[in-house]
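Inside the fold
This is what each chain is made of:
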Amino acid sequence: MLSSCWDTASDEKFIILTTTGILGDAIKNIVKEHAQVVSLMGPGIDPHTYKTTQKDVQQLEHAHMIFYNGLDLEGKMNNLLKNIAQKRKVYAASDALDATQLLCEDHFPVGIDPHIWFDVKLWKQVVGFISQKLQEARPGSAAYYQRNTLAYMEALEQLHQSVTAQIQSIPKEQRVLITAHDAFGYFGKAYDIEVVGLQGVSTVAECGLKDIKRIIDLIIKRNIKAVFFEASVSDRSMRAVVEGCAHYGYEVAVGGYLYSDALGAPDTVEGTYCGMVYANATTIVNALK
Ligand SMILES: [Zn+2]
C-alpha cells in the first residue's frame, strides 16, 4: 500500500508540499524536523494570480503529500492540482470547514471568500484537519505529530485571545479597516471590525475609478483616520485614494503594510503565521486607536 511505503521514507525524504507559506508554517509546527516542508509561494507572492513554473510542477510530482488552500485561492493552479491528485495525496485545507463557517460573497470567483486563515479559531480547525491527514499518512510519527499539534493549538488560542483584546481596544466607531483587496472578511467577522476592500476578493479583478471614488467618499464621510497597504498587493490604487482624499482637503494616514495572502520574510517574526497575524493586529490598533 502506498501509505505504508511512505511511512518508511526517512524523515528528510518525506516531502510535504504546500502552495502558500501560511499552510507551510502550520505543517512545520506539526511535523517539526520529522519531514521536509516545501512551499511554492514565498513572501510577497499573490496566490490569486500565481502561475506555476516548470520547477513547481517537478516539486509537486516529487512530493508525498500536497496541501492547498482551496476555494479558488490558487485559481490558476486548479487544473494542475486536479491532475496531480490522480497520482498523489492532495488535500484542500478549506475542507476542514463546513459550509456554514464560510463567508459567501458574490464577487469571489466561486462565491466564497477563500481567506480563511484570518479567523484564528477557524485556522485552529484547519490545523487539526491537516494534522489528522498527516497522522494517517505516517502512523509511526502520529503520536509525535499529535503532541506538537496540541502545543501549537495552545499557541493559536493565545493568539486569538490577544487579537480579540487588541481590536476591542479601538473605539467601536473607529473600527473600520480599509485595505487594498478583500482579504480581511473573516478577520472582520471574528474580531468585530468593519472591513472595506478597494478591490474585489481576488486581486485578479482590476480596481476602477468608481471604486476609488466610493472609498474616498466613505473615508471623508466617516472621518476615518487611516487606510492600509498590503504586502502582497500593489499599493497603486490605495495611493490614489490617499491623494484623492487630499484633493478634497482631507488627510488620511497610511496605517502601514498588512500581511494578507503571504507571510513575511523567513527568519523574521512575521515569517510565521502567529507573527504575521499579531503584526497585523498591532499595525491596525496603532493606526486606528
Ligand atoms: Zn487574497
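To keep things clear, this report deals only with the structure shown in the data block. (Residues numbered from 1 in each chain as written. Predicted model: local features only at pLDDT ≥ 70, side-chain atom pairs only at ≥ 80, totals over all residues. Heavy atoms only, no water.)

1. A look at the overall build of the protein
Secondary structure assignment for the protein yields 10 helices and eight strands. Principal axes of the C-alpha set define a box for the protein whose edges measure 70 × 35 × 35 Å. By residue count, 54% of the 289 residues in the protein fall in the buried class. Taking contacts inside the protein between residues at least 6 apart in sequence as the whole, the part at least 24 apart equals 69%. Per element, the accessible surface of the protein, about 13100 Å² overall, is 52% carbon and sulfur. Averaging the positions of the 27 positive and the 33 negative side-chain charges in the protein gives two centres separated by 1 Å. (Helix = DSSP H or I, 4+ residues; strand = E, 2+ residues; numbered from the N terminus. Buried < 20%, exposed > 50% of the residue type's maximum accessible area, 1.4 Å probe, protein only. Contact = heavy atoms within 4.5 Å. Areas by Shrake-Rupley, 256 points an atom, 1.4 Å probe, with all protein chains shown as cover. Lys, Arg positive; Asp, Glu negative; His and termini not counted. Charge placed at Lys NZ, Arg CZ, Asp CG, Glu CD.)

2. Describing the packing of helix 8 (residues 209-222) against helix 9 (residues 236-247)
One can describe the packing of helix 8 onto helix 9 by two numbers: an axis separation of 9 Å at closest approach and a directional angle of 50°. In terms of their interaxial angle, helix 8 and helix 9 are classed as oblique. Crossing hand, helix 8 versus helix 9: right-handed. Counting all contacts with helix 8, which are made through Ile212, Ile215, Ile216 and Ile219, the residues of helix 9 involved are Ser237, Ala240, Val241, Gly244 and Cys245. Considering only residue class, the contact of helix 8 with helix 9 consists of seven nonpolar, two polar and no charged. (Axes fitted to C-alpha atoms, helices over the stretch in contact; angles between N-to-C directions. Parallel < 35°, antiparallel > 145°, perpendicular 65-115°, else oblique. Left-handed = near helix turned anticlockwise from the far one by under 90°. Nonpolar A, V, L, I, M, F, W, Y, C, P; charged D, E, K, R; others polar.)

3. Comments concerning the pairing of strand 3 (residues 65-68)
In the case of a regular strand, side chains alternate between the two sheet surfaces. Of the two faces of strand 3, the one holding Met65 and Phe67 and the one holding Ile66 and Tyr68 are both buried throughout. Pairing analysis gives three bridges linking strand 1 (residues 15-20) to strand 3, with the strands arranged parallel. Along strand 3, the bridge assignment pairs threonine 18 with phenylalanine 67. Pairing between strand 3 and strand 4 (residues 89-92): four bridges, direction parallel. Across the sheet, residue tyrosine 68 finds its bridge partner in strand 4, namely alanine 92. (Pairing = 2+ DSSP bridges.)

4. Section: unusual backbone geometry
Non-glycine residue aspartate 72 carries a positive phi angle of around 70°. By the secondary structure assignment, aspartate 72 is in the loop between strand 3 and helix 4 (78-84). For aspartate 267, which is not a glycine, the phi torsion comes out positive at approximately 65°. With respect to the helices, strands and loops of the structure, aspartate 267 is situated in the loop between strand 8 (253-258) and helix 10 (273-288).

5. Examining the coordination of the zinc ion
Looking at the zinc ion, the protein donor atoms are His48 (NE2), His115 (NE2), His181 (NE2) and Asp261 (OD), and they sit 1.9 to 2.2 Å from it. The site at the zinc ion holds four donor atoms, and with the angles between them running 93 to 122°, its shape is tetrahedral. Mapping the donors of the zinc ion onto the primary sequence gives the spacing H-x66-H-x65-H-x79-D. Taken as a pair, histidine 115 in the loop between strand 4 and helix 5 (120-137) and histidine 181 in strand 5 (residues 176-181) lie far apart in primary sequence, 66 residues in all. The buried category is assigned to histidine 115, whose relative accessible area is 0%. Looking at histidine 181, the relative accessible area reads 0%, which means it is buried. (Donors = N, O, S within 2.8 Å, 3.2 Å for Na, K, Ca; no water. Tetrahedral: all angles 85-135°; square planar, octahedral: opposite > 155°, others 65-115°.)

6. With respect to the nonpolar core
Taken as a class, soluble globular proteins show a tendency for nonpolar side chains to be buried jointly. In this structure, Trp123, Leu134, Phe187, Tyr273 and Ile284 are the most contacted members of the largest nonpolar core, which totals 61 residues. Counting only elements with at least two residues in this core, the list comes to helix 2 (21-31), strand 3, helix 5, helix 6 (142-168), helix 7 (185-191), strand 7 (226-230) and helix 10. In terms of residue count, helix 5 provides more of this core than any other element does, nine residues in total. Composition of this core by domain shows at least three residues from each of domain 1 (2-163) and domain 2 (164-288). Setting aside its immediate chain neighbours within four residues, tyrosine 273 contacts Ile22, Asp25, Trp117, Val120, Trp123, Tyr152, Leu156, Leu159 and Leu263. Listed in part, the 17 residues of the second largest apolar core include Val38, Ile66, Ile84 and Val90. (Core = buried A, V, L, I, M, F, W, Y, C linked by side-chain atoms within 4.5 Å. Domains from an automatic or database assignment.)

7. Concerning helix 10
Owing to its 3.6 residues per turn, the α-helix brings residues three or four apart onto one side. Taking 1.5 Å per residue as the helical rise, helix 10 with its 16 residues ought to reach 22 Å, and the 23 Å between its terminal C-alpha atoms agrees with that figure. The buried fraction of helix 10 amounts to 12 of the 16 residues, a majority that puts the element mostly inside the structure. Of all the positions in helix 10, only Tyr273, Gly275, Met276, Val277, Ala279, Asn280, Ala281, Thr283, Ile284, Val285, Ala287 and Leu288 are classed as buried. (Expected span 1.5 Å × (residues − 1).)

8. Details of the sheet that holds strand 3
Taken in spatial order, the four strands of this open sheet run 2-1-3-4, and their pairing is parallel. Two strands lie at the open edges of the sheet, namely strand 2 (36-41) and strand 4, each paired on one side alone. The average undirected angle you get between the axes of adjacent strands in this sheet is 20°. Against the sheet, helix 3 (residues 54-62) makes contact with strand 1, strand 2 and strand 3, and its axis sits at roughly 150° relative to strand 2, the strand it touches most.

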